[in-house]
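Each chain is listed here by its residues.
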Amino acid sequence: MASIRPPAWSSSKARAPLGVPPAGAAGAGSTLQLRKKKAELDMGRQAAASGKHDEAMEHFTAAIDKFPLELEAYVGRGSSAAALSDHERAVYDFSMAIHLLPTVGHCLMRAASLSALWQFDTVPGALADCEQAVQLAEETDEDACLTAALTARAGVHEQKVRWEAAALDLSRALLIFGTEDPAAETAMRGDGAEGEAAPVPARSKGKRAEDDDWTRPRRAREEGGRDAGSAGSGRAAGGGERGAGTKARPSAERQALHADARARRGVCLHKLGRVDEGAVELRRALRLWPTATRYRLPLAAALLEQGDAAGASKELEIGLAATPDDPPMLRLYGRILQQAGDGEQGLSSLQRSAELEPSVHGAVHALAEGWEVVGDRRAALESYDEACAIALRDATQAV
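What counts, and at which threshold
Residues numbered from 1 in each chain as written. Predicted model: local features only at pLDDT ≥ 70, side-chain atom pairs only at ≥ 80, totals over all residues. Heavy atoms only, no water. Phe/Tyr/Trp six-rings, centres within 6.5 Å; stacked < 30°, edge-to-face > 60°. Lys NZ or Arg CZ within 6 Å of the ring centre and 35° of its normal. Helix = DSSP H or I, 4+ residues; strand = E, 2+ residues; numbered from the N terminus. Buried < 20%, exposed > 50% of the residue type's maximum accessible area, 1.4 Å probe, protein only. Lys, Arg positive; Asp, Glu negative; His and termini not counted. Salt bridge = Lys/Arg side-chain N within 4 Å of Asp/Glu carboxyl O. Contact = heavy atoms within 4.5 Å. Expected span 1.5 Å × (residues − 1). Axes fitted to C-alpha atoms, helices over the stretch in contact; angles between N-to-C directions. Parallel < 35°, antiparallel > 145°, perpendicular 65-115°, else oblique. Left-handed = near helix turned anticlockwise from the far one by under 90°. Nonpolar A, V, L, I, M, F, W, Y, C, P; charged D, E, K, R; others polar. Patch = residues over 30% accessible without salt bridge, like charges linked within 9 Å, V, L, I, M, F, W, Y side chains within 5 Å. Areas by Shrake-Rupley, 256 points an atom, 1.4 Å probe, with all protein chains shown as cover. Charge placed at Lys NZ, Arg CZ, Asp CG, Glu CD.

Caption draft 1: Summary view of the packing of aromatic side chains. Applying the stated criterion to the full structure yields one aromatic pair. Taking the centre distance of 6.2 Å and the plane angle of 75 degrees together, the rings of W289 and Y295 count as edge-to-face. The ring of F67 carries the charged tip of K37 above its face, separated from the ring centre by 5.0 Å.

Pasting the structure below:
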């Protein structure tokens, strides 16, 4: 799903620990040395931008060898290492960056690499980094920082199958993005215990969706867009309508991030058994980002659970028209067709799914069930045998 660019995560209010020089002051050196360092950093940035991450790491390492406290070199090398899936190196470099300057962005970068190393039980460390990112973001008035931290922490909760905690973080992020109607905002505030409103920080209440330049500090936006009187009686009181101005169109990036958070919250609600609410959220996500076909699969699953097989089939048909070789959509569509009595057409969809993912247990098992529906027991048995072999292989690799 969509992600925020690192610059939007960084906070100008984050401070380096005492005794650590700020970025750009990474040790004294001669003019020649400084020029060499700048050259290495420039070449590293250019190589990374071109996708030559091995080369970029060499340049960033050369800069670090000359200036061991050069923040940009650690961030650059860590980012290239993460791009090459060398997450152990990335964790080290991002740890150095956090030591030099703890910002929301640096914490989230390390959290992402720790999450990628889940097989080494590094998820608790990722969660701790996200917690620190949230704390840093709450000390600022920058919405982009807080939404990035909250959605990242929600991602770690999702990885640990903590759907309620993930839904709560996504709800907080959505209150910053803004809501479509008061009822939706009320519903988002109810992700806590039954009958209680989910705790929402005061800084998030009343945030509206019409602010386009959301990476600017909130106070700068409020003071720059209205006179002192309306600023004092609008957002500060939690209402926050613009004076005589018109609503600005949200940026494409913000629209995509808003839709992504809403869709993820819908999936979490579905997992929690709140299927109707989940379907509503997924529909809202598609209204925000109609071309995001990946939202149609969870929406179809929710509609099917609600008993609306026709609605589910329609969503899958729209999704498959845009991405005809999406295996999970093909599987669900094939099952719906077979349940509706179109066994052969459903089997064709299941066969295509298995062709695209021949080593995925779910794809092969679904095909076996499809063969059973059309009455071909021999083919079903062969597919079941393949599915069992895949499951055994997966279990062995997991150990």
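Moving on from the model shown.
Caption draft 2: Representation of the side chain of K37. Following the sequence through the fold, K37 ends up in helix α2 (residues 31-49). Residue classification places K37 among the buried positions, given a relative accessible area of 10%.

Caption draft 3: Examining the side chain of E40 more closely. Among the secondary structure elements, E40 is positioned in helix α2. Of the buried charged residues, E40 lacks a salt bridge, with K66 as the closest side chain of opposite charge at 4.3 Å. When near neighbours in sequence (up to four residues on either side) are disregarded, E40 contacts H59, A62, A63 and K66.

Caption draft 4: Looking closely at helix α19 (residues 361-373). Along its 13 residues, α19 runs 19 Å from first to last C-alpha, staying within 8% of the 18 Å computed at 1.5 Å per residue. Among all positions in α19, only A363, V364, A366, L367, A368, G370 and W371 are buried. Within two residues after α19, G375 carries a phi angle of roughly 90 degrees, on the positive side.

Caption draft 5: Seen up close, the pattern of salt bridges. On inspection of all chains with the given rule, the structure shows 22 salt bridges. Here R45 ties to E72 by a salt bridge, and the two come within 2.1 Å at their closest N and O atoms. Of the two residues, R45 is situated in helix α2 and E72 in helix α4 (residues 71-83); the sequence distance between them amounts to 27 residues. E72 sits in the partly exposed class, given a relative accessible area of 32%. Between D129 and R110 there is a salt bridge, and its shortest N-O distance comes to 2.6 Å. You can see D129 sitting in helix α7 (residues 123-138) and its partner R110 sitting in helix α6 (residues 104-116), a full 19 residues away along the chain. Where salt bridges share partners, they join K38, D42, R45 and E72 into one cluster.

Caption draft 6: The arrangement of unusual backbone geometry in detail. The phi dihedral of S85 falls on the positive side, at around 65 degrees, and the residue is not glycine. Relative to the assigned elements, S85 resides in the loop between α4 and α5 (87-100). A relative accessible area of 54% means that S85 is categorised as exposed. For V161, which is not glycine, the phi dihedral falls at a positive 60 degrees. Tracing the backbone through its elements, the reader meets V161 in the loop between α8 (143-159) and α9 (163-177).

Caption draft 7: Local environment of the packing of helix α17 (residues 327-339) against helix α18 (residues 343-356). Running from N to C, α17 and α18 cross one another at 160 degrees; their axes reach a closest spacing of 7 Å. Between α17 and α18, the angle falls in the class roughly antiparallel. Considering how the two elements wind past one another, α17 and α18 form a crossing that is left-handed. Residue-level contacts link P327, L330, R331, Y333, G334, R335, L337 and Q338 of α17 to G343, Q345, G346, L347, S349, L350, R352, S353 and L356 of α18. Of the residues that constitute the contact of α17 with α18, the class distribution is seven nonpolar, seven polar and three charged.

Caption draft 8: Quick look at the environment of A256. The residue A256 is located in helix α13 (residues 252-271) in this model. Each C-alpha atom, one on A256 and one on L288, is 7.4 Å from the other, the two residues being 32 residues apart in sequence.

Caption draft 9: Just a negative patch on the surface, in detail. A cluster of acidic residues, D376, E382, D385 and E386, forms a negative patch on the protein surface. Along the chain, D376 turns up in the loop between α19 and α20 (377-398). Accessibility expressed as a relative area gives 31% for D376, which makes it partly exposed.

Caption draft 10: Expanded view of the environment of A83. The topology assignment puts A83 in helix α4. By relative accessible area, which is 46% here, A83 ends up partly exposed.

Caption draft 11: Structural detail: α7. For α7, built from 16 residues, the straight-helix expectation of 22 Å at 1.5 Å per residue is met to within 8% by its first-to-last C-alpha distance of 22 Å. Among the residues making up α7, those that are buried are V123, A126, L127, D129, C130, A133, V134, L136 and A137. In the core, the buried residues of α7 are packed alongside α6 and α8.

By themselves, these are just geometric observations and shouldn't be taken as functional.
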